[in-house]
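# Topology and contacts: notes
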2 protein chains.
Amino acid sequence: MTIRPLTANRLQETSLAQEVQFLLARARAQGNTRANELLAEEGLKVRSFSVLSLACSGMNPTQRELGEFLHLDPSQIVALVDELEKRGLVKREVDPSDRRSKIITATNDGHTLYDRAYALTMAAEDDYLGTLSRRERAQLRAILQKIAF
Amino acid sequence: MTIRPLTANRLQETSLAQEVQFLLARARAQGNTRANELLAEEGLKVRSFSVLSLACSGMNPTQRELGEFLHLDPSQIVALVDELEKRGLVKREVDPSDRRSKIITATNDGHTLYDRAYALTMAAEDDYLGTLSRRERAQLRAILQKIAF
DNA sequence: TATTGTTATACTCTATAACTATA
DNA sequence: TATAGTTATAGAGTATAACAATA
């Protein structure tokens, strides 16, 4: 992790630093960096973790649904699923109701690794939400859910 | 703007969709897309707007400070400042107290354009925070500031 | 020696179009 | 004709290292 000197903190007073959009971007970047650092331990990144997580969800998503939900285009999903499949963590199954579609589910190994990785993302969340009270965390989650969906 | 069918919304029930990190990423992506759409009208993106905003702040930031604050490395700042300077919106001035550093300030044209662009970013904020009450917006801003700094 | 800004370059991520198989 | 997934490729965004000027 990069340790950056905080000599630019005086810019916190600027109007940019009051904008929700800017704050969201900064918060996300920090969380993403921290989560990637921790997930690296299991050979995952935030992206591949997201796919694995949905594969473990029991919702039997198709690749198209994964792309839609994660805001990634189909070719990116192909690459992510390829990688996870090569590692034996997920498998592709033809959707019987529409043989064009492929349903992505986790293998046993995938579930095992997911459990460990999930604990890591919770640790990452603790790291960068550590200064928030339980109540603030709940507020944040509720508000973000309104925005995101 | 892409109109995406919402057939993957059933995935909102998954545990991934409850994670703050995931929600932050989604919220930011949506806000960023919307802001870029609106800023395009003035030939700006969120990135270049951020630099212009800090150049207009009266804080006389150096390029190094801009990079630090925006989490961009020096070479990216060079490119962004080059672009804005070419358009006559900002200028580089050698810092008399450290002649290695260059202070970035806005020109008159830069300030004029910034005022319009700022209004656009406020419109973008309204667009994607529209469902939130005043109180929720204030809570969100306060919480994000805790996380981001 | 260390740092600021610059340049060049390589790497990753993202977006696009064309192809296949199915519908 | 349209859609899901795949492939290839180009473009944008990001990271790295080396250099000149200054400290």
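Residues numbered from 1 in each chain as written. Chains lettered and ligands numbered in written order. Predicted model: local features only at pLDDT ≥ 70, side-chain atom pairs only at ≥ 80, totals over all residues. Heavy atoms only, no water.

As annotated in an unreviewed UniProt entry, chain A carries the name MarR family winged helix-turn-helix transcriptional regulator and comes from Micrococcoides hystricis.

## As for the side chain of Ser50 of chain A
Counted only if it meets this: Strands here are runs of E lasting at least two residues and helices are runs of H or I lasting at least four, both read from the DSSP assignment and numbered beginning at the N terminus. Only protein chains enter the accessibility calculation, which uses a 1.4 Å probe. A residue is then buried if its area is under 20% of the maximum for its type, exposed if over 50%, and partly exposed in between. The criterion used for residue contact is that any of the two residues' heavy atoms lie within 4.5 Å.
Summarising the element assignment, Ser50 of chain A is placed in helix H2 (residues 46–55). A residue is classified by how much of its surface remains accessible, and Ser50 of chain A, at 8% relative accessible area, is buried. In contact with Ser50 of chain A, other than residues within four places in its own chain, are Leu70 of chain A together with Leu16 of chain B.

## As for helix H4 (residues 74–86) of chain B
Since one α-helical turn is 3.6 residues long, residues separated by three or four positions face the same way. Residues and elements named next belong to chain B. Inclusion rule: An expected span of 1.5 Å times one less than the residue number is assigned to each helix. Relevant arc is that of directions from the helix axis to the C-beta atoms, nothing else.
Between its terminal C-alpha atoms H4 stretches 18 Å, which fits the 18 Å expected from 13 residues at 1.5 Å a residue. Buried residues of H4: Ile77, Leu80, Val81 and Leu84, and no others. Here the buried residues of H4 occupy an arc of 95° about the axis, which is enough to place them on one side. Those residues of H4 that are exposed and aimed more than 90 degrees away from the buried face are Ser75 and Lys86. Buried residues along H4 sit in contact with helix H2 (46–55), helix H3 (63–70), strand E1 (90–94) and strand E2 (102–106). Phi turns positive one or two residues past the end of H4, at Gly88, with a value near 75°.

## Here we look at the packing of aromatic side chains
Inclusion rule: Ring pairs are drawn from Phe, Tyr and Trp, using the six-membered ring of Trp, whenever the two centres fall within 6.5 Å, and their geometry is named by plane angle: stacked under 30 degrees, edge-to-face over 60, tilted for the rest. Put simply, a charge is over a ring when the Lys NZ or the Arg CZ is close to the ring centre, within 6 Å, and near the line of the ring normal, within 35 degrees.
Within this structure, the stated rule accounts for 8 aromatic pairs over all chains. A ring pair is formed by Phe69 of chain A and Phe149 of chain A, whose centres lie 6.0 Å apart and whose planes are at 10°; its orientation type is stacked. With Phe69 of chain A in helix H3 (residues 63–70) and Phe149 of chain A in the segment after helix H6 (134–148), this pair connects stretches of sequence that are 80 residues apart. Overall, Phe69 of chain A belongs to the buried group, its relative accessible area being 2%. When its relative accessible area of 30% is taken as the criterion, Phe149 of chain A is described as partly exposed. Taken together, Phe22 of chain A together with Phe69 and Phe149 of chain B form an aromatic cluster joined through their ring pairs. In this structure, Arg26 of chain A is placed above the aromatic ring of Phe69 of chain B, and the distance from its NZ or CZ to the ring centre is 5.2 Å.

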